Structures are given as structure tokens and as C-alpha cells.
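In case you want the letters, here they are:
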Amino acid sequence: MKTVTIAAVAATAMISANAAMAEGERYVLVSHAPDSDSWWNTIKNGLALGGEQMGVTVEYRNPPTGDLADMARIIEQAAASAPDGIITTLADFDVLSGPIRNAVDAGIEVIIINSGTPEQAREVGALMYVGQPEYDAGFAAGQRAAGDGVASFLCVNHYIAQPASTERCQGFADGLGIDLGNQMIDSGQDPSEIQNRVMAYLNANPDTDAVLTLGPTSADPTILALDQMGLAGDIYFGTFDLGGDIVQAISDGVIEWGIDQQPFLQAYLPVVVLTNYHRFGVLPGNNINSGPGFVTADALGLVADLAGEYR
């Protein structure tokens, strides 16, 4: 009988692991974002860095105009290309759950990120969920604003077709303890139109205490609107997500806080999780909440340097 040494076993294990790593897994991330939304650059950077560090191929796909029916088709096309895994947002369960379930049924591992809920991720058969519970984030923001004396607000919703965006506004209203009512506007995504609609609302409702925006797409034109109206720094202003102009406005005292859902983690972690799952059969036991976290003027630091890139 031959004696097998621990060193030999370890060497064999290392060879097997290296062989698995050499296979070159391929993962496709599908988002609901239109090409015009710069916030998703951080997602793309996190995806690329995860692919580079794990030695896998990654692809980013999205509907150019943000059309969710188009996104459903992109998920179907991604699944048909037989990747090792799909990382996708779940912006509208009714529209996207079918194609995602079909991918899972075809033997493709799926991780849901950014939008949707952990419960919905389980329902479509995904491995896990990585993201920020949107209603909870809005509610926490509303409670914070209530503590600062806010009793009315304008929610500037630049992507009203996505249910998660409305959850942010509704959570904020509930955190304040008031009805959402007509305090949410469909601003569209054109910067000039957003600026005009914010100004029109505030002119028609001059007693509005606060403005809430849902990301750089709506925040950046709102900054310009408030500046033009002479309200910058005088009206309470909070926003979801970060970007260069948002960070500067926080530093200048125009924006009170930005809710950071850490999109870098939403793209980076699924690549790491999927790779290790395929190579070693290990999987985190819980979903991962990437946010919310409040970024204020006294805690910018590294955030300011990396905003729009990795933060």
C-alpha cells in the first residue's frame, strides 16, 4: 500500500484548483439603466475590477433607453449565450421574473442586485440578493428629515417606471409620517426638463420644506434649479446615491446628505461570489445589504475622491 503524504494531497488540491481557475468563467450583468444614467459607471467599474481580480470574463448589457421590455429580451439573449452566471437587477417583477426564472431553469446561476427584494430573488430561484432595501432606505431618510423639522417635500422621480424608485419616495413619506400624495413628480430624464419641473413645482408650492432626489440624474439638475431660484443652501435637500456634483453640493452645504447604497459592492461582490461558488462550491448563507449609509459633509474624505468611480 502506498503512503500518501499531506504535502502530496495539498499539491494535488492546488493543481485541481488551478485547473478550475483556468477554465475562465463568464458572467453577464444586465441592468435596467439607460445609457444616459452616469450613476451606473460605478457598477461597471466594480464589475470590471471583479472580473480582473478573479480572472473571469465579465460583460455589461442594458437597454439603451431603460425600456424594461427591452431588458427582458436582453436577459433572454444573455441566457441563450450560455454564460456561467447572470447578475441582474429586478426592476419590475412582473416584467422580468419570467426571463430570470427561465435562465435559472436552464441551469444558469443568477444573483439579483440593486433592485427587487430578497424575497423576490428567492421566488425566481436566484442564489442571493445584493443591494439596498429601497423602502427601508427611504423610511430611514424620512425619519432623519423628520428629526430635522421637515414636514413636506418634493420627491423628484426620474425613473418612475421602476417600482423601486417609488418605494424610495413612499418610504420617505412614511418616515416623515405624512401622505405621499402629489409630492412625487415624474421628472423624466432630460436635465433641462427636470430643472424646469422642479422649479415649476416649487413655484406652485412655495411652502415645501424639502427636496428629495433619487440619484445624479435628478439631483444634478435640481442643484441648478435651486441655485437659479436662490434656494440653494436654504431648502432642505437630500438625495439617494452619489456623484461628483452631489459630493460637491454636500461639501458646499447645498445637500444635507447622500444615501450611499455602495453600487460598487453590488457588481463586485456577485462576481466574487459566483466565481468561488463555481470553483469551490462555497456560498454566503445570507443576502447582502450594500446600503443604506448616509454621507454627510463631515464624512466625505475618500468618498469625494472616488465619487462616480467607485463610490
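Source: prediction; values computed, not measured. (Residues numbered from 1 in each chain as written. Predicted model: local features only at pLDDT ≥ 70, side-chain atom pairs only at ≥ 80, totals over all residues. Heavy atoms only, no water.)

Attention shifts here to the nonpolar core. Leu154, Val198, Leu202, Phe237 and Ile255 are the most contacted members of the largest nonpolar core, which totals 26 residues. Taken together, the elements giving at least two residues each to this core come down to β6 (153-157), α8 (191-204), α9 (216-229) and α10 (244-252). The biggest single contributor to this core is α8, with five residues. Dropping the residues within four chain positions of it, isoleucine 255 is found in contact with Ile223, Phe237, Gly238, Thr239, Ile246, Ala249 and Ile250. (Core = buried A, V, L, I, M, F, W, Y, C linked by side-chain atoms within 4.5 Å. Buried < 20%, exposed > 50% of the residue type's maximum accessible area, 1.4 Å probe, protein only. Helix = DSSP H or I, 4+ residues; strand = E, 2+ residues; numbered from the N terminus. Contact = heavy atoms within 4.5 Å.)

The figure often quoted for interface size is the accessible area lost as the parts come together. Each assigned domain of the chain is listed with its residue range as follows: domain 1 (26-132 + 263-290) and domain 2 (134-260). Computed from C-alpha atoms alone, the centre-to-centre distance between domain 1 and domain 2 is 28 Å. The partner domain 2 presents 17 residues to the 15 residues of domain 1 that form the contact. Both sides together, the interface formed by domain 1 and domain 2 hides about 1100 Å², and carbon and sulfur atoms give 42% of it. Where domain 1 meets domain 2, there are zero salt bridges. Across the contact surface, domain 1 and domain 2 share five residue pairs in polar contact (both at pLDDT 80 or more). (Domains from an automatic or database assignment. Buried area = accessible area lost by both parts, 1.4 Å probe. Salt bridge = Lys/Arg side-chain N within 4 Å of Asp/Glu carboxyl O. Polar contact = N/O pair within 3.5 Å; in protein donor to acceptor, adjacent residues only side chain to side chain.)

A separate point is the environment of leucine 231. Tracing the backbone shows leucine 231 in the loop between α9 and β9 (236-240). For leucine 231, a relative accessible area of 25% translates into the label partly exposed. For the pair leucine 231 and valine 254, spaced 23 residues apart in sequence, the C-alpha separation works out to 8.9 Å. When residues no more than four places from it in sequence are discounted, the contact partners of leucine 231 are Leu202 and Leu226.

The side-chain alternation of strand β10 (residues 257-260) yields two buried faces, one formed by Trp257 and Ile259 and the other by Gly258 and Asp260. Strand direction decides the pairing type here: β9 and β10, joined by three bridges, are parallel. The partner of glycine 238 across the bridge, within β10, is tryptophan 257. Crossover β9 to β10 through α10 is right-handed. Inspection of the sheet shows β10 paired to strand β12 (residues 293-295) by three bridges, in the antiparallel sense. Paired with glycine 258 across the two strands is valine 295, which belongs to β12. (Pairing = 2+ DSSP bridges. Right-handed = clockwise from strand over helix to strand, strands pointing away.)

Moving on, we get to unusual backbone geometry. Looking along the chain, the bond that leaves glycine 291 and enters proline 292 is cis, with omega of 10°. In this fold, proline 292 is placed in the loop between β11 (288-289) and β12. If you check the backbone angles, glutamine 262 has positive phi at about 50° while not being a glycine. Looking at the element boundaries, glutamine 262 is found in the loop between β10 and α11 (263-280). Judged by relative accessible area, which is 31%, glutamine 262 ranks as partly exposed.

Turning next to the packing of helix α3 (residues 68-80) against helix α4 (residues 93-105). Two numbers describe how α3 lies on α4: the axes approach to 9 Å, and their chain directions differ by 0°. Relative to α4, the element α3 is oriented roughly parallel. Listed contacts from α4 to Leu68, Ala69, Met71, Ala72, Ile75, Glu76 and Ala79 of α3 are Val95, Leu96, Pro99, Ile100 and Ala103. Across the contact of α3 with α4, the residue classes break down as 11 nonpolar, no polar and one charged. (Axes fitted to C-alpha atoms, helices over the stretch in contact; angles between N-to-C directions. Parallel < 35°, antiparallel > 145°, perpendicular 65-115°, else oblique. Nonpolar A, V, L, I, M, F, W, Y, C, P; charged D, E, K, R; others polar.)

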